[in-house]
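Structural features, examined
Take a look at the letters that make up each chain.
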Amino acid sequence: MANPIFPTRPLPVILPKATSKIAAIFFFVVLIGLAGGLAYLAGPGLIRDYQISGNDVPAANARVVSGKCRSKLILHFCDATIERRGPSGSAREETHFAFLDLHFGSYQVHVVEHKDNPSMQTTSLALEHLWDRILLAVGLFALFVIGAFGLLRKAFSRNEGMNKVFKPLHNTVMTPVIADVTGHDEEGDKGWVWRYTPAGPSLGKETAVRFPAGTWPFFLNPENTKALAVVGRPGSEALLLDDDLTVIGLNDEERHALQAWRQSLLAKAAERAGAAQAPAATPS
C-alpha cells in the first residue's frame, strides 16, 4: 500500500481536551455551595409551612401590606411583606418563595397561622403551592448535587486524560503510517475510544484515542480494519486520524488529496474483488 503525499510542515493536534481538574474542583465547590445555599434559604420556610399545612387558620393580628410576583413561563417568584400587630407594636417580616404554576393574572393573598401556635405564620399563597415549592427545591437541590459529583467523577475518571499522550505530537512534522484497528468502546456522550496497532516506530504497541461520539477512523479498506495514522518524533505515540481529517491541522487542499488517495485505494480493492469473483474463461 503506497504512502500518500503528506504535508512536510509542523501540524497541530486538535483533540477533545480533558476536563481540567482545577476547574472541576472549582465548579464542584460552586455547585455544592448553591445546593447548601438553597437548603439554607428555602429549607426553614418549607419546614415551617409543612407544619402549618392542615393546621392553618386565618391570622387575626397580621396582614399582607405589600406583595409582588414575577413570572417566567410556569416559574413564579413571589415576595410579600407581612405586618404583625402585638402588645409592643407592629413588626414587619419579609418572605420570599418560588413555585411552579400555570397561571395568568393576579393572586389573592392573606396571612394564615398555626392554630396551636400563632407565632408560626405564612401566606395563603405559599401554603397553596407548598408541594410545588417542595418539588422545585428538591429538584434543584438534586440537580446541583448530581451535577457537582458528576463533574468531579468525569474529571478524575481513569480514561479522562488518555489523549494527553499525543501532546508531544503537537506542532511537529508528521509521517503517515498504516494502523490495524482492533476495536472500539462507546462511552456515550463522552466519546468513542478506538484501539489500534500502528506500523512503523510504534510497531506492535496497541494505542487508544478518544474521538467525539459518532466519529470513525480514516479507514483504508472495505473491511474497516486498516486506517491512516501519523507519527512524529521518535518515541511519540501514533495518532489515529478521523474520517473527516479534523484531528490534525490540515487545510482543505490537503484533506481533499488524502481523500482522493483513499478513494483510489478503495477502487483498486473493488477491482481486485471483482476480478477474483469473475468466472474463469472456458476454452472453445
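Structural data are supplied above this passage.
Anyway, here's the lowdown on the structure attached to this text. Here, residues in each chain are numbered from 1, in the same order as that chain's written sequence. Given that the model is predicted, a residue must reach a pLDDT of at least 70 before its local features are reported, and side-chain atom pairs must reach 80 or more before they are shown or counted; all residues, however, enter totals for whole chains, interfaces and linings. Neither water nor hydrogens contribute to the side-chain values; these are computed over all heavy atoms in the structure.

**Some thoughts on the sheet that holds strand 3 (residues 75-86)**
DSSP calls a pair of strands paired once it identifies at least 2 bridges connecting them. For the purposes of this entry, the term helix denotes a DSSP run of H or I that reaches at least four residues, the term strand denotes a run of E that reaches at least two, and both are numbered from the N terminus. The three strands are arranged 2-3-4 in an open sheet whose pairing can be described as antiparallel. For this open sheet the edge positions go to strand 2 (62-72) and strand 4 (89-100), each flanked by a neighbour on one side alone. Across the sheet, the mean angle separating the axes of adjacent strands is 15° when strand polarity is ignored. Across twelve bridges, the pairing between strand 3 and strand 4 is antiparallel. Note on strand 4: the bridge partner recorded for L75 is L100. With axes taken as lines fitted to C-alpha atoms, and helix axes fitted only over the stretch in contact, angles between N-to-C directions fall between 0 and 180 degrees.

**Overview of the packing of aromatic side chains**
Between the rings of Phe, Tyr and Trp (Trp by its six-membered ring), a pair exists once the centres lie within 6.5 Å; its type follows the angle of the planes, with under 30 degrees stacked, over 60 edge-to-face, and the other angles tilted. Evaluation of the coordinates by the stated rule reveals nine aromatic pairs. Judged by centre distance (5.8 Å) and plane angle (80°), the ring pair of F99 and Y107 falls under edge-to-face. With a centroid separation of 5.4 Å and an interplanar angle of 55°, the aromatic rings of W194 and W216 are classed as tilted. With W194 in strand 8 (residues 192-198) and W216 in the loop between strand 9 (207-211) and strand 10 (226-231), this residue pair connects regions lying 22 residues apart in the sequence. We classify W216 as partly exposed; its relative accessible area is 40%. Buried residues are those whose accessible area, probed at 1.4 Å on protein chains only, stays under 20% of the maximum for their type, while exposed residues exceed 50% and partly exposed ones sit between those limits.

**Some words on the pairing of strand 9**
Among the five residues in strand 9, four count as buried, and that is most of the element. Here strand 8 runs beside strand 9; their pairing, made up of five bridges, is antiparallel. Directly across from V193, in strand 9, lies its bridge partner R210.

**Comments concerning the sheet that holds strand 7 (residues 175-186)**
An order of 9-8-7-10-11 is seen for the five strands of this open sheet, with the pairing classed as antiparallel. Each having just a single partner strand, strand 9 and strand 11 (239-240) make up the two edges of the open sheet.

**Comments concerning unusual backbone geometry**
Of note in this structure, L73 is not a glycine but carries a positive phi near 60°. Note that L73 resides in the loop between strand 2 and strand 3. In the Ramachandran plot, N224 falls in the positive-phi region, its phi being about 55° despite a non-glycine side chain. Residue placement: N224 occurs in the loop between strand 9 and strand 10.

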